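Chain by chain, the residues:
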Amino acid sequence: MTFLLKVDNLKTRFKTELGLVKAVDGVSYYMREGEIIGLVGESGCGKSVSQLSVLQLIPTPPGEIVDGEVVFEGCDLLKFSANSPEMRSIRGGKIAMIFQEPMTSLNPVLTIGQQLTEMMESHLNMNREAATKQAIELLNRVSMPEAARRIAAYPHQLSGGMRQRVMIAMALSCNPKILIADEPTTAVDVTTQAQLLELMREMVVHFNTSLMIVTHNLGVVARYAQRLYIMYAGRIVESGTTKDIFANPRHPYTIGLLASVPRLDEPRGRKLVPIDGLPPTLINMPPTCAFLPRCAYRVEKCQHEPWPELKLTDGQHYTSCYVDTREK
Amino acid sequence: MISYIIRRLIQAVVTLFLITVIVFLVMRLLPGDPITLYTTEVLTPQQRAELIEMYGLDQPLLIQYTSWISDVLRGDLGMSPTQGRPVNELIARNLGRTIHLGSLALVLGIILGIPAGIVAATRRGKWQDTAATLFANIGICVPIFWLGVMMIYLFAFYLRVLPSHGYTSPLVDFGLSTKQLIMPVICLALFPMASLARQTRSSMLEVLRQDYIRTAWAKGLSERLIIRRHVVKNGLIPIITLIGLQVPRIISGAVIVETVFSIPGFGRLLMVSALSKDYQVIQGGVLVAATLVVLSNLVVDLCYGWIDPRIQYT
Amino acid sequence: MIREGAVPAGVMEVPPPQSEVRRIAKVFFSRKVAVVGLIIVVAWVLAAIFAPHFTPYEPYKSDLDNALLQPSREHLLGTDLIGRDTLTRIIYGSRIAFMICGLAVGSAALIGSALGLVAAYYGGILNMVIMRLVDALMSIPMIVKALLIAALLGGGITSIVLAIGFVLTSVYARLMHGVALSVKERDYVTAARATGAGNLRIMLYHILPNSIAPLMVQMTLQLGFALLIEAAMSFLGVGMSPPAAAWGSMISTGYEFLISRPILCLAPGLAIMSLVFGFNMIGDGLRDALDPRLRGTL
């Protein structure tokens, strides 16, 4: 089975004045055509950084991709330098990314039309007219009302939800194979959230694009993602199909996450159980499991052994834990 | 947009009004015999009484102000006691040379300073950045008068290639005028140039940190396009305000430069008047200088409103 | 590389505990220029304090036999027109520089901040009047303002300090005004008021601490500016006059001998430049260190 994208042992580090931060410490995952994947974890766990690393958008004096392979359509992208024409044509052209803050992710002094057309002019070599027509078409597709008029509007004249639609339109304008959505719904209200996610799913189906949703919100991925990767402190701690993970979470962190989120299908009166402690700082981490201080399932072994590798538990379900949490 | 323009206009008028009030009060309320505002001679008590009545110095301040301001608004800035000529005539004669000098300096500062800042920001950490930043940092430390003196020594006395002082209109003798202006313009332009370079650099760097630049990179656009279209356009917006800020600095610098190079301009007029305690000229000069500054700020703000779509389309 | 930048948000959500002062110091000292600036200023401070120990000569005693000497081993920078050792006068000049600049900036900061604070805090018409006055004042070019005050008050140290202070006041008024405005609306201030904190207490305990950082940065940067203005004024004849060993006036008296003894003008100018450079670099360094948002951009 060929993968569209296979990331293998990706490691990205940052040199800060407080020490070396291993933001991404050996992350591996894959994506197939037409899939919707979720990458879940709390703030600071490295999920955004991992995606930025795929596109080599990491600011390079403090940051550095130190290891790993990013194999896209059979070719390791990390072989190319960040500024090379190859990477540039991948960005936006083959792999597109949309970001969290629609307020600030659009250039305030350019019209939306200009920001849409410049991608098509750049990647697809279209002329201004054709690109503008296509831009209007795209805006219609993302359900932007009065698209033809809005082309000449500036970002500050649009609401957050509409700006995010523009971002989606921009990202899809050159027909990328993969769309990475980094916390796409965090900065918008709940109703808009639902609309945007539906929109993205439609687009995925229509363009046959694969979608990676990076989020801390389990609710978002529960409905839309087919497979999940749970990330903690720079590594993947559990992976599998969404159904499987929700039904049988194996890693203590995942269990904790699910327990702390309210669900409609659970009995009334069940208390929400937050996870003890705080997320770790990623500086000078000990070699043992990073979740250890907060883990309710820890055993003697966890104190001495290094952080466990991902192990297959059943089917496609992997977890990185020494303990069989089903027993508790 | 219209409301923005109107608001700014009103602000400008209010500011000008307040400036007249400040100048008036400062001149009248500070220590010393108020009659010295109008004359520098020593007076007999009788002469003094006469003059006080003539100039209305025995009237309440408000009356004095209204009569003074109505003169000012008609263009009458009083009579200079030391030079015996109307103040507005003195200023009008000399202002042109200062504006000539100042505009050249401002233009020079802009065309050298801003690109230097852009280069420093886009080649951050490389030798271009270090060189430009160092130059700019040193540039804002140089005392203008000292630079003038040193340049006179080097170019006028040692190398004998430039005249050490004087001003000729370019219409009369373009070659001589240029030679005479080289040193003064460079001295006057140095601080604005360095300041603009510094601020442009930090403004560009600020823009480079913005999310929309990250979006631009993620779209796979070329570096040149990103700089040209996304970075510079956004970064220049605050710089426009900064250019406006250079106007008062250039006026201040002109006082020094004109004195050092013996250029008979507005700045030197103020200087000479300060030394001879000619308060009529000082008063008029302050008003004129402040008006120039307010006007230039107004122009700058209007440009700003025209360029920044966030203001234009609200 | 154009894409250098700060560490992306979210990478370091929970910084390890470290004293704020330590962190500021660490960032400050990591910038070479800032350290150089600090060294320069400290050197001048030491020179000012221990002037008599560094200099075998008197700065104000004339010695006509040794007038206008070239730089030599006895007189490293030569002597001036009445035989005073130039180097000695430059070192003593630093005392004048520090005194004037310190007083001017200090009083400007005090008065300006008070104005801005009161204006922002009480709001309303008082605010409008004060801030419009500040705007109007800022529209008058600095040297022009300084000339005005100096002409009215005559020469001498007091008048110069007042003139320069007058020139610098508006900046602090604006600064404090901005800080006070933003802090005033914060929740913790509302909370403080709800628990009965009086106006004075809120101003001192909440608004003031927030303003210390930008205030310190401005003050350091303005010290350099104040020195340049003072030197210019002394040179022009409305500031410190001879025989005071003010650097600006030294250049003005040295101008007469520019052709024969250029060192008389060169040396004081370099002194001015070095001290201003020192102040500016410290100010820049402080600004970088105190504003975490700017980390990595200057």
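Fair warning: this is a prediction, and the values are worked out from it, not measured in the lab.

Participant: Looking at this model, I keep getting lost on the overall build of chain A. Mind explaining?
Facilitator: Counting its regular elements, chain A contains 11 helices and 12 strands. The C-alpha atoms of chain A give a radius of gyration of 21 Å, which matches the 20 Å a tight globule of 328 residues would have. Seen along its three principal axes, the alpha-carbon backbone of chain A occupies a region of about 65 × 50 × 45 Å. Counting only residues that meet the buried cut, chain A has 46% of its 328 residues in that class. In chain A, once contacts between residues fewer than 6 apart in sequence are set aside, the share between residues at least 24 apart is 63%.

Participant: Please explain the overall build of chain B as it appears in this structure.
Facilitator: Scanning chain B for helices and strands turns up 12 helices and 0 strands. Put simply, chain B runs from its N terminus to its C terminus through helices and strands in the order α-α-α-α-α-α-α-α-α-α-α-α. A principal-axis box enclosing the C-alpha atoms of chain B has dimensions of 85 × 60 × 35 Å. Pairs at least 24 apart in sequence give 72% of the contacts found in chain B among residues at least 6 apart.

Participant: Would you mind going over the sheet that holds strand 4 (residues 63–72) of chain A with me for this structure?
Facilitator: One key point about sheets: their strands pair by backbone hydrogen bonds, in either a parallel or an antiparallel sense. Residue and element names in this part refer to chain A. Taken together, the 4 strands give an open sheet; going across it, the order is 2-1-4-5, and neighbouring strands pair in antiparallel fashion. Only two strands of the sheet have a single neighbouring strand rather than two, namely strand 2 (19–31) and strand 5 (75–76). Both strand 1 (residues 5–16) and strand 4 contribute to a ladder of 8 bridges, which runs antiparallel. Residue Leu5 lies in a different strand from strand 4, and its bridge partner there is Phe72.

Participant: Would you take a moment to explain the interface of chain B and chain C for this structure?
Facilitator: The accessible area lost on association of the parts is a frequent measure of interface size. Taken together, the contact between chain B and chain C spans 47 residues of the former and 44 residues of the latter. Only helix 1 (2–29), helix 5 (127–139), helix 6 (144–158), helix 7 (174–208), helix 9 (223–260), helix 10 (266–275) and helix 11 (279–307) of chain B provide two or more residues apiece to the side of chain B that touches chain C.

Participant: What am I meant to see in the packing of helix 5 of chain B against helix 7 of chain B here?
Facilitator: Two quantities define a packed helix pair, namely the angle between the axes and the distance from one axis to the other. Residues and elements named next belong to chain B. Running from N to C, helix 5 and helix 7 point in directions that differ by 130°, and their axes come no closer than 8 Å. Taken as axis vectors, helix 5 and helix 7 run oblique relative to one another. The two elements helix 5 and helix 7 cross, and the hand of that crossing is left-handed. Contacts between helix 5 and helix 7 involve Ala132, Thr133, Ala136 and Gly139 from the first element and Leu190, Phe191, Met193, Ala194, Ala197, Arg198 and Arg201 from the second.

Participant: I'm lost on the domain arrangement of chain B in this one. Help?
Facilitator: All names here are of chain B. The assigned domain composition of chain B is domain 1 (2–73) and domain 2 (91–307). Once you take the C-alpha centre of each, domain 1 and domain 2 turn out to be 33 Å apart. Residue-level contacts link 15 residues of domain 1 with 15 residues of domain 2. Ranked by residue count, the leading element in the side of domain 1 that touches domain 2 is helix 1, at 10 residues. When grouped by side-chain class, the residues that make up the side of domain 1 that touches domain 2 number 10 nonpolar, 4 polar and 1 charged.

Participant: Help me understand the sheet that holds strand 10 (residues 235–241) of chain A in this model?
Facilitator: Residues and elements named next belong to chain A. Taken in spatial order, the 8 strands make up an open sheet running 6-7-8-3-9-10-12-11, and their pairing is mixed. One side of each edge strand has no neighbouring strand; the edge strands of this open sheet are strand 6 (95–98) and strand 11 (311–314). The average angle at which neighbouring strand axes cross in this sheet is 20°, direction not considered. As judged from the 5 bridges shared by strand 7 (residues 178–182) and strand 8 (residues 210–215), these two strands associate in the parallel manner. Bridge pairing links Ile178 to Ser210 in strand 8.

Participant: Would you explain helix 4 (residues 86–122) of chain C in this entry?
Facilitator: Note: α-helices contain 3.6 residues per turn, so residues at a spacing of three or four share the same orientation. Compared with the 54 Å implied by 1.5 Å per residue over 37 residues, the 53 Å span of helix 4 of chain C between its first and last C-alpha is a close match. After helix 4 of chain C finishes, the residue Gly123 of chain C shows a positive phi value of roughly 60°.

Participant: Would you explain the domain arrangement of chain A in this entry?
Facilitator: Residue and element names in this part refer to chain A. Taken as a whole, chain A is organised into domain 1 (1–94 + 178–328) and domain 2 (104–175). For domain 1 and domain 2, the distance between their C-alpha centres works out to 29 Å. The biggest single contributor to the side of domain 1 that touches domain 2 is helix 7 (residues 190–207), with 7 residues. For the side of domain 1 that touches domain 2, a count of residues per class yields 9 nonpolar, 6 polar and no charged.

Participant: Please clarify how helix 2 (residues 32–49) of chain C should be interpreted in this entry.
Facilitator: All names here are of chain C. With 18 residues, helix 2 should cover 26 Å at 1.5 Å per step; its first-to-last C-alpha distance of 26 Å lies within 8% of that length. Buried within helix 2 are the following residues: Ala34, Gly37, Val41, Trp44 and Ala47. Viewed along the axis of helix 2, the buried residues span an arc of 155°, placing them on a single side of the element. Seen from the open side of helix 2, the exposed residues pointing more than 90 degrees away from its buried face are Lys32, Val42 and Ile49.

Participant: Sorry if this is basic, but what is going on with the environment of Gln51 of chain A here?
Facilitator: Residues and elements named next belong to chain A. Position of Gln51 among the secondary structure elements: in helix 1 (residues 47–54). In this structure Gln51 comes out as buried when scored by C-beta crowding, with 21 C-beta atoms within 10 Å. C-alpha of Gln51 to C-alpha of Asn107: the two residues are 56 residues apart in sequence and 22 Å apart in space.

Participant: Which parts of the structure should I look at to understand unusual backbone geometry?
Facilitator: Leaving glycine out, the prevailing phi sign among residues is negative, and the prevailing peptide bond configuration is trans. Residue and element names in this part refer to chain B. Here the phi dihedral of Arg160 falls at roughly 55°; this positive angle occurs in a residue that is not glycine. Its place among the elements puts Arg160 in the loop between helix 6 and helix 7. A tally of 9 C-beta atoms within 10 Å means that Arg160 is categorised as exposed. In the Ramachandran plot, Lys277 falls in the positive-phi region, its phi being about 55° despite a non-glycine side chain. Look at Lys277 and you get partly exposed, because 17 C-beta atoms sit within 10 Å.

Participant: Looking at this structure, how should I read the pairing of strand 4 of chain A?
Facilitator: Two faces, one strand: in a regular strand the side chains alternate between the faces of the sheet. Residues and elements named next belong to chain A. Of the strand pairs in this sheet, strand 4 and strand 5 are connected by 2 bridges, and their pairing is antiparallel. In the sheet register, Phe72 faces strand 5, and the bridge partner there is Cys75. Between strand 4 and strand 5, which pair antiparallel and follow one another directly, the connecting turn spans 2 residues, one of which, Glu73, has a positive phi of 50°.

Participant: Even after reading the chapter, I still don't get the environment of Ile263 of chain B, so can you show me in this structure?
Facilitator: All names here are of chain B. Within the secondary structure, Ile263 sits in the loop between helix 9 and helix 10. Counting along the chain gives 262 residues from Ile263 to Met1, while the straight-line C-alpha distance between them is 42 Å. When near neighbours in sequence (up to four residues on either side) are disregarded, Ile263 contacts Arg97, Leu101, Tyr167, Pro184, Glu258 and Arg268.

Participant: How do you make sense of the pairing of strand 9 (residues 227–232) of chain A when you look at a structure like this?
Facilitator: All names here are of chain A. Burial within strand 9 is extensive, with 6 of its 6 residues counted as buried. A two-sided burial pattern is seen for strand 9, the buried positions comprising Arg227, Tyr229 and Met231 on one face and Leu228, Ile230 and Tyr232 on the other. In the sheet, strand 3 (residues 36–40) pairs with strand 9 via 4 bridges, with the strands oriented parallel. Bridging from a neighbouring strand, Ile37 pairs with Arg227 of strand 9. For strand 9 and strand 10, the ladder comprises 6 bridges, and the chain directions are antiparallel.

Here is what the cut-offs are and how they apply
Residues numbered from 1 in each chain as written. Chains lettered and ligands numbered in written order. Predicted model: local features only at pLDDT ≥ 70, side-chain atom pairs only at ≥ 80, totals over all residues. Helix = DSSP H or I, 4+ residues; strand = E, 2+ residues; numbered from the N terminus. Rg over C-alpha atoms; globule rule 2.2 N^0.38 Å. Buried ≥ 20, exposed ≤ 12 C-beta atoms within 10 Å, placed from the backbone. Contact = placed C-beta atoms within 7 Å. Pairing = 2+ DSSP bridges. Axes fitted to C-alpha atoms, helices over the stretch in contact; angles between N-to-C directions. Parallel < 35°, antiparallel > 145°, perpendicular 65-115°, else oblique. Left-handed = near helix turned anticlockwise from the far one by under 90°. Domains from an automatic or database assignment. Nonpolar A, V, L, I, M, F, W, Y, C, P; charged D, E, K, R; others polar. Expected span 1.5 Å × (residues − 1). Arc of directions from axis to C-beta.

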